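Commentary on secondary and tertiary structure
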Amino acid sequence: MADQTHVLFVEDDDVIREATQLALERDGFAVTAMPDGLSGLEAFRANRPDIALLDVMVPGLDGVSLCRRIRDESTVPVIMLSARADSIDVVLGLEAGADDYVTKPFDGAVLVARIRAVLRRFGHASGSAQAEAGPDAMTGGVLTFGDLEIDTEGMEVRRAGQPVALTPTEMRLLLEFSSAPGTVLSRDKLLERVWDYGWGGDTRVVDVHVQRLRQKIGQDRIETVRGFGYKLKA
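Presented here is an overview of the structure given in this document. It should be emphasised that the depicted structure is a prediction, and the values quoted were computed from it without experimental measurement.

1. Some points on the pattern of salt bridges
Summed over the entire model, instances satisfying the criterion amount to 18 salt bridges. A salt bridge links D55 to K104; the nearest nitrogen and oxygen atoms lie 3.0 Å apart. Of the two residues, D55 sits in strand β3 (residues 51–55) while K104 sits in the loop between β5 (100–103) and α5 (108–123), which places them 49 residues apart along the sequence. Accessibility assignment for this pair places D55 and K104 in one class, buried.

2. Let's talk about the packing of helix α2 (residues 37–47) against helix α3 (residues 63–73)
With their axes 10 Å apart at the nearest point, α2 and α3 run at an angle of 20° to one another. Between α2 and α3, the angle falls in the class roughly parallel. Of the two possible hands of crossing, α2 and α3 adopt the one that is right-handed. Packed against α2, whose contacting residues are G37, G40, L41, F44 and R45, the element α3 presents L66, R69, I70 and E73 at the interface. Classifying every residue of the contact of α2 with α3 by side-chain character gives four nonpolar, two polar and three charged.

3. Considering the packing of helix α6 (residues 168–179) against helix α7 (residues 187–194)
As a packed pair, α6 and α7 sit with axes 10 Å apart at the nearest point and diverge in direction by 120°. The angle between α6 and α7 falls in the class oblique. Considering the relative orientation of α6 and α7, their crossing is right-handed. Contacts from T169, R172, L173, E176 and F177 of α6 reach α7 at L190, R193 and V194. Taken together, the residues that form the contact of α6 with α7 break down as four nonpolar, one polar and three charged.

4. Let's talk about the nonpolar core
Residues L54, M80, I150 and F177 are the most contacted members of the largest nonpolar core, which totals 50 residues. At six residues, helix α8 (residues 204–217) tops the list of elements feeding residues into this core. Setting aside residues up to four positions removed in sequence, F177 forms contacts with L185, L190, V210, L213, I222, Y230, K231 and L232. Listed in part, the 15 residues of the second largest apolar core include L81, V102, F106 and V118.

5. Quick look at the side chain of D151
Among the structural elements, D151 can be located in strand β8 (residues 148–151). No salt bridge is formed by the buried D151. Its closest oppositely charged neighbour is R158, at 5.0 Å. Engagement of the side chain of D151 in a polar contact is seen with the backbone nitrogen of E153, the distance being 3.0 Å. A polar side-chain atom of D151 sits 2.9 Å from the main-chain amide nitrogen of G154.

6. Some words on helix α1 (residues 14–26)
Since there are 3.6 residues in each turn of an α-helix, residues three or four apart along the chain are aligned in direction. End to end, α1 covers 18 Å across 13 residues, agreeing with the expected 18 Å (1.5 Å per residue, within 8%). Here α1 has its buried residues at R17, T20, A23 and L24. Each buried residue of α1 lies within a common arc of 140° when the element is viewed along its axis, so the set occupies one face. In this structure, α1 carries V15 and R26 as exposed residues pointing more than 90 degrees from its buried face. In the segment just after α1, G28 is the residue with positive phi, at about 95°.

7. Focus on unusual backbone geometry
Residue K104 is joined to P105 through a cis peptide bond whose omega torsion reads -5°. Positionally, P105 belongs in the loop between β5 and α5. Of note, M155 is a non-glycine position whose phi angle comes to about 55°, a positive value. By the secondary structure assignment, M155 is in the loop between β8 and β9 (156–159).

Definitions and cut-offs
Residues numbered from 1 in each chain as written. Predicted model: local features only at pLDDT ≥ 70, side-chain atom pairs only at ≥ 80, totals over all residues. Heavy atoms only, no water. Salt bridge = Lys/Arg side-chain N within 4 Å of Asp/Glu carboxyl O. Helix = DSSP H or I, 4+ residues; strand = E, 2+ residues; numbered from the N terminus. Buried < 20%, exposed > 50% of the residue type's maximum accessible area, 1.4 Å probe, protein only. Axes fitted to C-alpha atoms, helices over the stretch in contact; angles between N-to-C directions. Parallel < 35°, antiparallel > 145°, perpendicular 65-115°, else oblique. Left-handed = near helix turned anticlockwise from the far one by under 90°. Contact = heavy atoms within 4.5 Å. Nonpolar A, V, L, I, M, F, W, Y, C, P; charged D, E, K, R; others polar. Core = buried A, V, L, I, M, F, W, Y, C linked by side-chain atoms within 4.5 Å. Lys, Arg positive; Asp, Glu negative; His and termini not counted. Polar contact = N/O pair within 3.5 Å; in protein donor to acceptor, adjacent residues only side chain to side chain. Expected span 1.5 Å × (residues − 1). Arc of directions from axis to C-beta.

This is the structure:
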């Protein structure tokens, strides 16, 4: 049991919660299922799960607020569940620190695939950034871009000498940019490389994460190339 991946699942609909819990357990996950945000936060603090699935619309403490509280305490991966693909709640959840989202109603196999994709990302955050250094110096696994330093071995980032706290997804995204400074990376390519999507995905996931990354490493460090994607200024 100890080697099972532990999922925290917060969903107020009894039928969805019980059916999804059973489906996840059949796929080998250990699941703690809670009906509201406050009990979900308590369960998170008590059990420290490997990943959290949070429905946006839950009572007590909504999923977006719960995600924000979790992110204040941990970099554990978070997937939001939303009933509407075009809902503003999707963007709010991503801005609160979620790593991905799944639209309800969802197929159990799709949900499991997305969970495993997120866990794979978090299991090997180093990516390919060491393959190519930028025009500034790379010494001992440290890439330098102006006042930004990326330690690709220690998985640490500093800006003007001060540590920058990144989630694993943000780190993966930065490593992709730093592996090809000055090269435009399309949203689809970033979805494939960072989010492990072998299929089409919602590019809002990329846009919100780029926005969050800019806030941490400098708004001008990542440039938008309209109609094509993003690139790290070399």
